[in-house]
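Examination of the molecular architecture
Listed here are the chains, written in short residue letters.
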Amino acid sequence: MGPFLETLFGGLMVGMLYSLIALGFVLIYKASGVFNFAQGAMVLFAALAMARFAEWIPKLTGLNNKFIDNTIAFMLAVLVMIVLAWLIQKLVLGKLVNQEGITLLMATLGITYFLEGSGQALFGNDIYKIDIGMPKDPVFIFEKTFEGGLLINKEDLYAAVIAAVLVALLALFFQKTATGRALRAVADDHQAAQSIGIPLDRIWVIVWSVAGIVALVAGVIWGSKLGVQFSLSLVALKALPVVILGGLTSIPGAIIGGLIIGVGEKLSEIYLGPHLGGGIEIWFAYVLALAFLLVRPQGLFGEKIIDRV
Amino acid sequence: MAARQAGDVILDVRNISLRFGGVKALSDITFDVREHEIRAIIGPNGAGKSSMLNCINGVYQPQEGSISLRGKTFSKMNSHQVAEMGVARTFQNLALFKGMSVLDNIMTGRNLKMKTNIFQQALRWGAAEREETAHRRVVEGIIDFLEIQAYRKTPVGKMPYGLQKRVDLGRALAMEPQVLLLDEPMAGMNVEEKQDMSRFILDVNDEFGTTIVLIEHDMGVVMDISDRVVVLDYGRKIGDGSPDEVRNNPDVISAYLGTVH
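Description of the overall build of chain A
- Regarding its fold elements, chain A presents 12 helices and two strands.
- The C-alpha atoms of chain A give 20 Å as radius of gyration, which agrees with the globular expectation for 309 residues (19 Å, within 12%).

This is the structure in structure tokens:
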């Protein structure tokens, strides 16, 4: 029982991070119909910005309080992501209104390379660490419930809580505020939204900013675990099976999809690994996504598209 | 009809020409709409009715001519700017926000009237809370008016077609428009639904004094509810006047019934 639950928890925590990245995809896809290939690059860019700001601020100001430094660095990184969202809307997407989906996809592919290149040019291409003071020591929980208890990484636990809070805040923002309502309206029908006076440009800047902030949080969590480096932008590739599983248009889908993939790959590694020669973690998500595409192409929670002929 | 008095010209359409490449959708269309009246645009399929409405709404920008609302010209504006000037519309093929409830759909119509910013809303701070409540009151009034109270929380995608049309009207009304554009408000409805919709249109016009421009195929309905009618055919204006004048206009008759060869 113990090892199984430990694996399960480990999977849930990793899955939470997949969910965060997948959430970025879903937010932008819902509001603008753009499949944002640059989400991974945004994670890298945001994490690099945060890591370097946190490094530079003590040097420039002489402030040596880690909490204050990190807070200022985070605020600055949020600002950077908002400016970036504005630039993307002004310079790229604003010029491509009403273009084919494939054109927009290619544009985001361009943004990917631009962000990866400029991110490393601006902030350097070493491995940087983000130290937001998360405890690294593991703890035992449920020791009373059964023998030996469960060994859980405290850092993972904190990360999962942060991710869960962020998701809850986003859900409230979308459901309960007038701006959230306008965002959902744009997601449903661009033309109708315009006719009632919702400015599309501004909405898209907001959505890309929110996706940027989500990318920042994901980047900070991953970065504090494994360090910030180029490979961070590849984590997003793991989010692709997540959105296929959960459905591209569903926020709960992104969250549950992420958890399923996280848990699935960890459990399969432990229980199927020995029989199949190991390394399952690497490809498990994609095979699961493939199976889903065959059976339920719209994903678990996605909208089923019915074309009338 | 006695209670309603048509006033001054509110919407003035002058010499509008619209081309898509080599295709002339509209040529040299001129007409005006007076305050508080119900003005219909009719014509056979492909006559350019929807193009005309889309010009007024800012979806299309005509190559020539001008459109002005209370003297302010806006023929080169986009939909969002036109909405800000107080022009609302409904759609021929429903363009509702299908995943959202009736209440939320109509609340989106209040978007332009919201003054608090995104941060106040996120925190639900004083002003944002009060504002939401005030708008909610207006929207509840519209829901009562359109008799869709029972569907308040239903996602519109799940409602019957005729009721979805009402929600579309409700969303436009929530903008408290000066001019309301209705693109075939009765398309695809049965007789009973048409009667309901006619009643709502007349009531809106009567109670709120809203000026209405509508496109409609059903001639019976048009002749019953509108004050004046513009007739288009192949992008040209072939008739303009009261329902009776239009009905007896030989050009209009031949456009609809064909001429004897």
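Observations regarding the overall build of chain B
- The helix and strand inventory of chain B stands at 10 helices and 10 strands.
- Relative to the 2.2 N^0.38 estimate, which gives 18 Å for 261 residues, the radius of gyration of chain B is 19 Å and therefore close to what a compact globule would have.
- Considered along the principal axes of its C-alpha atoms, chain B spans approximately 70 × 40 × 35 Å.
- Here chain B holds 261 residues, and the buried ones make up 41% of them.

Digging into the sheet that holds strand β2 (residues 23–34) of chain B
- Overall, antiparallel pairing links the four strands, which are arranged β2-β1-β4-β5 (chain B) in an open sheet. Of all the strands in the sheet, just β2 and β5 (72–73) of chain B have a single pairing partner and so form its edges.

Examining the nonpolar core
- L17, A46, A47, M50 and V207 of chain A are the most contacted members of the largest nonpolar core, which totals 165 residues.
- Of the residues forming this core, the biggest block, 18 residues, is contributed by helix α8 (residues 200–226) of chain A.
- A domain-level breakdown of this core finds at least three residues from each of domain 1 (9–86 + 177–257) and domain 2 (100–165) of chain B.
- In this structure M50 of chain A touches A73, F74, A77, I130, L216, G219 and V220 of chain A, once residues within four positions along its chain are discounted.

Quick look at unusual backbone geometry
All names here are of chain B.
- Even without being a glycine, R70 presents a positive backbone phi close to 45°.
- Relative to the assigned elements, R70 resides in the loop between β4 (64–69) and β5.
- Positive phi, normally seen in glycine, also occurs at E147, with a value near 55°.
- As for its placement among the helices and strands, E147 is situated in the loop between α5 (126–145) and α6 (161–173).
- Using a count of 13 C-beta atoms within 10 Å as the deciding quantity, one classes E147 as partly exposed.

Describing the environment of F9 of chain A
Residues and elements named next belong to chain A.
- By the element assignment, F9 lies in helix α1 (residues 2–32).
- Residues F9 and L157, spaced 148 residues apart in sequence, show a C-alpha to C-alpha distance of 9.1 Å.
- Not counting chain neighbours up to four residues away, the residues in contact with F9 comprise L150 and I152.

Regarding the packing of helix α5 (residues 154–176) of chain A against helix α6 (residues 178–188) of chain A
Residue and element names in this part refer to chain A.
- Viewed as axis vectors pointing N to C, α5 and α6 meet at an angle of 80°, and their least axial separation amounts to 5 Å. In terms of axis orientation, α5 runs roughly perpendicular to α6. Where α5 approaches α6, its residues F173, F174, Q175 and K176 are matched on the opposing element by G180, L183 and R184.
- Of the residues in the contact of α5 with α6, the class split is three nonpolar, two polar and two charged.

Comments concerning the domain arrangement of chain B
All names here are of chain B.
- You can read the domains of chain B as domain 1 (9–86 + 177–257) and domain 2 (100–165).
- Using C-alpha coordinates to define each centre, domain 1 is positioned 28 Å away from domain 2.
- On the domain 2 side, the residues contacting the eight residues of domain 1 number five residues.
- Elements with a contribution of two residues or more to the side of domain 1 that touches domain 2: α2 (79–84) and α7 (191–208).
- In terms of residue class, the side of domain 1 that touches domain 2 is built from five nonpolar, one polar and two charged.

What counts and what doesn't
- Residues numbered from 1 in each chain as written.
- Chains lettered and ligands numbered in written order.
- Predicted model: local features only at pLDDT ≥ 70, side-chain atom pairs only at ≥ 80, totals over all residues.
- Helix = DSSP H or I, 4+ residues; strand = E, 2+ residues; numbered from the N terminus.
- Rg over C-alpha atoms; globule rule 2.2 N^0.38 Å.
- Buried ≥ 20, exposed ≤ 12 C-beta atoms within 10 Å, placed from the backbone.
- Pairing = 2+ DSSP bridges.
- Core = buried A, V, L, I, M, F, W, Y, C linked by C-beta atoms within 7 Å.
- Domains from an automatic or database assignment.
- Contact = placed C-beta atoms within 7 Å.
- Axes fitted to C-alpha atoms, helices over the stretch in contact; angles between N-to-C directions.
- Parallel < 35°, antiparallel > 145°, perpendicular 65-115°, else oblique.
- Nonpolar A, V, L, I, M, F, W, Y, C, P; charged D, E, K, R; others polar.

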